[in-house]
Structure formats: C-alpha cells, structure tokens
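Commentary on secondary and tertiary structure
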Amino acid sequence: MEQAVAIERPDLVTLTVTDWDRTRRAHLEDVPSSATVAEVLDEVRRVMELAPETSYQLVLDGRQLNQMEMLSEAGVGSGSVMEILPEVHAG
Amino acid sequence: MTRAGEGPSSPSPSGSTAMAYDFRVEILRDGTRLSAVGVTLAPCFEDVRFRAVLEGRLPNDGTVPELATEPVWDEDGPPAVAGVRVCGADHGESTYGREVFATRARAAIVELLRRHEISRDDTLAWRVVATPRTTGPRFRTRPSRRPYPFRAGTVPDARRGTLRIVVEEELVRKIRAAVVASPGVECAGLLTGQLVHDRECEAAALVVNDHFALPPGPGGASGVHWSFGSVTFAAARRSLEASGAECVGWFHSHPPCERCHENPACRADLVFLSRDDVEVHTAVFPAAYMVALVAGKVAERPACDPGMRLFAWSGGGLTDVALTPDRGTA
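Quantities reported herein were computed from a predicted structural model and do not represent experimental measurements. (Residues numbered from 1 in each chain as written. Chains lettered and ligands numbered in written order. Predicted model: local features only at pLDDT ≥ 70, side-chain atom pairs only at ≥ 80, totals over all residues.)

1. Focus on the overall build of chain A
We count it as follows: Comment: elements are numbered from the N terminus, with helices defined as DSSP H or I runs of at least four residues and strands as E runs of at least two. As a rule, residues whose C-beta atom has 12 or fewer other C-beta atoms within 10 Å are exposed, those with 20 or more are buried, and those in between are partly exposed; C-beta atoms are placed from the backbone. Once C-beta atoms are placed from the backbone, any two residues with those atoms within 7 Å are in contact.
Helix and strand counts for chain A stand at 1 helix and 6 strands. Secondary structure elements of chain A, listed N to C terminal, follow the sequence β-β-α-β-β-β-β. For chain A, the residues scored as buried account for 40% of the 91 residues in total. In chain A, of all internal contacts separated by at least 6 residues, the share reaching a separation of at least 24 is 60%.

This is the structure:
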C-alpha cells in the first residue's frame, strides 16, 4: 500500500504577512529562503495594493527586518507571520 | 470624449486585483515633465468591493475578488487617461475620473515647491498616464481579508449602496476635551464604533461613538506633526483586543498657533486634511467605511474652543462630510 508523503523543501518557505490590525493578509508560498526581505516586501505591497508613495517595513515579533538581508539571515522561517507597517506621520 | 483601453486586464495568478497597467501622475510646466509619481488604485478597488458587499452582489466572507482595471483614455489618446474603469465578473463596474488622483497631484506639486524646483508664479498642469505593467508576481501569493464588521440592523430612509455616518455628540465632547488638554502639540487616536448593515435597503450606517488615545511613534509629536510607529500600532491593537471595540477610523488635532490664543477674534482655520493626513488615512485606514476626524482651530471659533471636520471615503477619494452629531449624514 502506497502512502503519499509530503516533502517539504527546506529552501522554500511559506509566509503570512498581515497589516497592523490583521484586516488584510497576504499568504506567500514557496518563497526561496534566499529571497531578500525587500523582495518579499515588494510582493506584499503589490498584492495588498499599497500606495507606492508610502514607505513600509516588515516586522517579525516586534523586530524591524533589514530589507537587504535574505529571509534566512533575517530569521524568517517557514510559517512566520510578519506585519507590514507604514512609515507615516500626520501633519 | 473618452474611449476605453484596448489592452485586456488579465486576472492575476495570485488571485488578487488584476492590474495590467501602472498609473502615474505627471506634473508638467510648459509641456515639460517635472515629476512623475506612482499612484494607487486601492481606494477605487475598495469602493467597488464595499458597494458590492452592501448590495449583496459579493459575499462578505473575506475573499478578495479579482478586479480588472482598464484605462479610459483621454481624448488625446494614450498614455494620458481621463479616468479608470474597475470591473469584476460578478460585482459590476465603476468608472472613476482622474479627479480621484488630484490629491496625489497636489502632493507632488507641494514636493516640487519644497525642493525649490518650481516657484509660486509657475503655471503647471498635471495629467495621469497609464502604461502596461511589465513585471508580474514574483512568488505564489494569495490575499485575504477580514469580512466587513457588519452588524445587522436598519438604516431608515437610506438609499441603496450608501453609507450614512453618525458621530455621537458625547464623543465630540470627549475629543474636544482631549484637544484642549493638548494645546501646543498634536494628539491622535482611534475612533471606534459600529457598522450597521441594512440588508433590506442594501445600505449601511457607521456609528462613531468612542475613541482611544494613542502614543506617537519614535518620531514623536509636535505642533505640526504626529508620527505613527510600531509602538503606536501595537498600542492600537492592544486597545482594540482588550475592549472588543471595532476601529472605524482615527482622529488627530491641528493645534492653534500662539497668536490664535492671544487673539480671540482670529479667523485662522487650521482644520483640514493635509497631504500627510491623506497618506496616513490611505495607508492605515483604507476600508471604505473608515473616517478621519480633524479637530482644532476653525475660523468661526476662538482657539480655546476647537472645531472639527469629518472626512470620509467617497467614490475612491476623500471628501469633507457634514459633521452632524446624532443625526448623521448620508
């Protein structure tokens, strides 16, 4: 009897990114762990339809991630849930 | 005279809003382009989705439907557009004129002024251009969203597809007191309340009835700014989770200058939505029902007695709506 076996590739990660109040979410699958934080940020901005003129940061467990780092370097593993937060001020 | 775009807007493989075009605002002087800035169509998409849910054409289950965009070309033809058409398979279509980009155009002009690249005497023009998007999704991505926080109820005499906004008078008093207590520095916070959905009328009412003050981020606050930071968002979430309240927008103040206090007859009016405020509202409070309340010195009141104005999403843009406590506005 054959059994299906799910093979998880360690070089690919699954991520979830939410906005500040958890209203909007982006689920990313099969993201290479060599991808940079900036690449993930760009993709999340696109899929969440965020304004191009506003700066955003990705935050994991309260820690702002360095956009130059690869996910593996930034400590982002499969199943990570990050926040995307805008850098804005009222005038 | 306008004509629809020729390029098809193919659905995105990610299941999100399809955008076959990128839209930019260009600022021109004597026909020469001085700057070009990207613009988001998110408020238009949100407008289409919210009305589709209100009118029962789209289930309120958190799925993000595929929407397509199509430029409505200007009479001079591509790449200039007179507007944009947003459409989806089962939830209708809406056309938005280029005026929905006016706020972004004003912000771009202010930025040119700030950089001294133009003078106040210059005659400028602005236009919106659409160009086919050349980059696709990089990863397999699926968006989702929380359903709109509707409570079933009735909205008497409501027109189909409309949102009535009601601000409770007690809340106005509380915010006025908070603003008076912070005379020289901006203060800000969340507005909370309920979103009532009348299924029979296919309309909604937003009842704004409470608030939370929030701490500014690392950029602090002054008489002319109030910064959002991760500490702000964390505090906001904690307050909402602890109270079970629903965030329906935000408020902040524009304090009077010292001369306003010295001169009770001062006619200065500082209550408006600045370009920074529009950026905050677009980034942090994008849902179609979310409002912005600005409090501070208005022309018809002395500095010690702040006035207020309310701003709400309407047709993909932000508009000043009459603040009529306990009666609301359609």
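2. Some points on the domain arrangement of chain B
All names here are of chain B. Threshold: For the domains described, the bounds stem from an automatic or database domain assignment. Each residue gets one of three labels, nonpolar for Ala, Val, Leu, Ile, Met, Phe, Trp, Tyr, Cys and Pro, charged for Asp, Glu, Lys and Arg, and polar for the others, Gly among them.
Assigned domains of chain B: these are domain 1 (3-132) and domain 2 (150-321). For domain 1 versus domain 2, the separation of C-alpha centres amounts to 26 Å. Listed by partner, the interface residues are 18 residues for domain 1 and 17 residues for domain 2. Contributing elements (two or more residues each) for the side of domain 1 that touches domain 2: α1 (42-54) and α2 (102-114). Counting residues per element, the side of domain 1 that touches domain 2 draws most heavily on α1, at 8 residues. Residue classes in the side of domain 1 that touches domain 2 are distributed as 9 nonpolar, 3 polar and 6 charged.

3. Observations regarding the interface of chain A and chain B
As a reminder of what qualifies: Two strands are counted as paired when DSSP detects at least two bridges linking them.
Counting residues at the interface gives 31 residues for chain A and 42 residues for chain B. Those elements that provide at least two residues to the side of chain A that touches chain B are β2 (24-32), α1 (37-47), β5 (81-87) and β6 (89-90) of chain A. Class assignment of the residues belonging to the side of chain A that touches chain B gives a composition of 14 nonpolar, 6 polar and 11 charged. Of the strand pairs in this sheet, β6 of chain A and strand β13 (residues 226-227) of chain B are connected by 2 bridges, and their pairing is antiparallel. Bridging across to β13 of chain B, His89 of chain A finds its partner in Ser227 of chain B.

4. As for the sheet that holds β2 of chain A
Taken together, the 6 strands give an open sheet; going across it, the order is β4(A)-β3(A)-β5(A)-β1(A)-β2(A)-β8(B), and neighbouring strands pair in mixed fashion. Both edges of this open sheet fall to β4 (63-64) of chain A together with β8 (140-145) of chain B, since each of them pairs with a single strand only.

5. Side note on the confidence of the model for chain B
All names here are of chain B. Here is the rule: The quantity known as pLDDT measures the predictor's confidence residue by residue, on a range of 0 to 100.
When pLDDT is averaged along chain B, the result is 88, and 91% of the positions lie at 70 or above. Here residues 326-330 is modelled with pLDDT under 50, and outside its nearest four sequence neighbours on either side it reaches 15 contacts, counting other chains as well. Across the whole predicted complex the pTM is 0.89, and at the interface the ipTM reaches 0.89.

6. Quick look at unusual backbone geometry
The omega angle of the peptide bond from Pro78 of chain B to Pro79 of chain B is 5°, so this bond is cis rather than trans. Along the chain, Pro79 of chain B falls in the loop between β4 (67-73) and β5 (80-88). At Arg22 of chain A, a residue that is not glycine, the phi angle is positive and equals roughly 65°. The residue Arg22 of chain A is located in the loop between β1 (12-18) and β2 in this model.

7. Describing the environment of Glu53 of chain A
Following the sequence through the fold, Glu53 of chain A ends up in the loop between α1 and β3 (55-60). Distance from Glu53 of chain A to Glu83 of chain A, taken between C-alpha atoms, is 19 Å for residues 30 residues apart in sequence. Every residue in contact with Glu53 of chain A, bar those within four places of it in the chain, is listed here: Val37, Gly38 and Glu279 of chain B.

8. Here we look at the nonpolar core
Quick note on the threshold: Joining buried Ala, Val, Leu, Ile, Met, Phe, Trp, Tyr and Cys residues through C-beta atoms within 7 Å gives a set, and that set is a nonpolar core.
Counting 105 residues, the largest nonpolar core has Val40 of chain A together with Ala204, Leu206, Tyr289, Val291 and Leu293 of chain B as the members making the most contacts within it. Top contributing element to this core by residue count: α1 of chain B, with 7 residues. Looking at which domains feed residues into this core, each of domain 1 (3-132) and domain 2 (150-321) of chain B gives three or more. Here Tyr289 of chain B is in contact with Phe50, Leu163, Leu195, Ala204, Leu206 and Val248 of chain B, once residues within four sequence places are set aside.

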